Amino acid sequence: MGDITRVGVIGAGLMGSGIAEVTARAGLDVVVVEADAAAAEAGRGRIEKSLGRGVDKGKLSAEERDAALARLTFSTDLEACADRQLVIEAVAENEALKLDVFGRLDKITEPEAILASNTSSLPITRLAMATEHPERVLGLHFFNPVPVQKLVELIPSLLTGDDVAEKASAFASEVLGKTVVKAPDRAGFVVNALLIPYLLSAIRMVEAGHATPEDIDNGMVLGCAHPMGPLRLADLVGLDTTKAVAESMYEEYKEPLYAPPPLLQRMVEAGLYGRKSGRGFYDYT
Ligand code: CAA
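Computed from a prediction, not measured in an experiment: that's the story for all the values here. (Residues numbered from 1 in each chain as written. Predicted model: local features only at pLDDT ≥ 70, side-chain atom pairs only at ≥ 80, totals over all residues. Heavy atoms only, no water.)

S.K.: For the sheet that holds strand S8 (residues 179–182), give the residues involved together with the corresponding values.
M.R.: Pairing is mixed in the open sheet, where eight strands are placed in the order S3-S2-S1-S4-S5-S6-S7-S8. Strands with a single pairing partner mark the edges of an open sheet, and in this sheet they are strand S3 (72–75) and S8. Put simply, the sheet's adjacent strands are angled 25° from each other on average, direction ignored. Inspection of the sheet shows strand S6 (residues 137–142) paired to strand S7 (residues 151–156) by five bridges, in the antiparallel sense. Residue pairing in the sheet places Leu140 in a bridge with Leu154 of S7. (Pairing = 2+ DSSP bridges. Helix = DSSP H or I, 4+ residues; strand = E, 2+ residues; numbered from the N terminus. Axes fitted to C-alpha atoms, helices over the stretch in contact; angles between N-to-C directions.)

Shown next, in the form of structure tokens:
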């Protein structure tokens, strides 16, 4: 197949737009697929804003920003991924949706193309079994904000080919400049297995009236030197995503530690998703 130069990203939400941005910044040709034109436009806007922020922060020049934008193409048709050597799926954390995307990508792409999922918690093996070529499927899990966080978890399933895992690992480390951690194909992988119980504990503390979100966050930022506290972080990750990841982990391990607390359930039902919807534990409007 040769070096990876043509990448597809499915979904241009918080994570997909970040993955598309860093891949284009690394010099690769990127096709971004969204469900409809409005979502594609919103994704382009997110990428433009983040690239602009990168310029303001002195991380890239205006010329590099323009070159990265020129390497991005937006489409509403999955067929646009037909010539991609690597496709990274980053649609919402919904198993039925992801299974559908993998089943369709399997038919559209060349058999040697690598199909990766940015899932935060769903078993890679299950996604791989939606395809005829499970050996080319694996997890590549990025962290938010993607241009800033230096980690990628690499999750081979029981069926992933060694050559596929090596190639995807080299892409994340050598092309994108990320540090790669190999994680087992178990809900939560490595990072979320620790992070999600921590976020849920903070939500339970708010629920129990133990302390305010501000005091909990100040405690962890000023007392433990975390870059942000757990409630602000849950808002950043998205409360809908936090709940979805917790549910996958609860389904897998059946431990109360992972059960989403009622306050989280209610906030998601109320459309309070955190930063992306304008309100979560904090107000962003
Ligand atoms: N492009 C490139 N660089 C950027 C950038 C962009 N768009 N935006 C910011 N940066 C850089 C800045 O230049 C700065 O770099 P230096 O340290 O070299 O100066 C750095 O990123 C921090 O940026 P800011 O100073 O603007 O912002 P901040 O200090 O307020 O930090 C934050 C914001 C990066 C979000 C920080 O609070 C943080 O790291 N928080 C924790 C985030 C976290 O834990 N993410 C993981 C969530 S879990 C997940 O994603 C996975 C899952 O499955 C749920």
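S.K.: Give a description of the UniProt feature "domain: 3-hydroxyacyl-CoA dehydrogenase NAD binding" (unreviewed entry) in the protein chain that names residues and reports values.
M.R.: In this numbering, the UniProt entry assigns the feature "domain: 3-hydroxyacyl-CoA dehydrogenase NAD binding" (unreviewed entry) to residues 7–183. Helix makes up 42% of residues 7–183 and strand 21%, with an end-to-end C-alpha separation of 23 Å. (UniProt positions renumbered as here; feature names shortened; annotations may be inferred.)

S.K.: Please give an account of the nonpolar core that cites residues and values.
M.R.: Formed by 35 residues in total, the largest nonpolar core has its most connected members in Val7, Leu72, Leu86, Ile88, Leu140, Phe142 and Phe171. It is helix H1 (residues 14–25) that contributes the most residues to this core, five residues altogether. When near neighbours in sequence (up to four residues on either side) are disregarded, Phe142 contacts Met15, Ile19, Ile88, Asn118, Leu151, Val152 and Leu176. Residues Ile203, Ala246, Met249 and Val268 belong to the second largest nonpolar core, which totals 22 residues. (Core = buried A, V, L, I, M, F, W, Y, C linked by side-chain atoms within 4.5 Å. Buried < 20%, exposed > 50% of the residue type's maximum accessible area, 1.4 Å probe, protein only. Contact = heavy atoms within 4.5 Å.)

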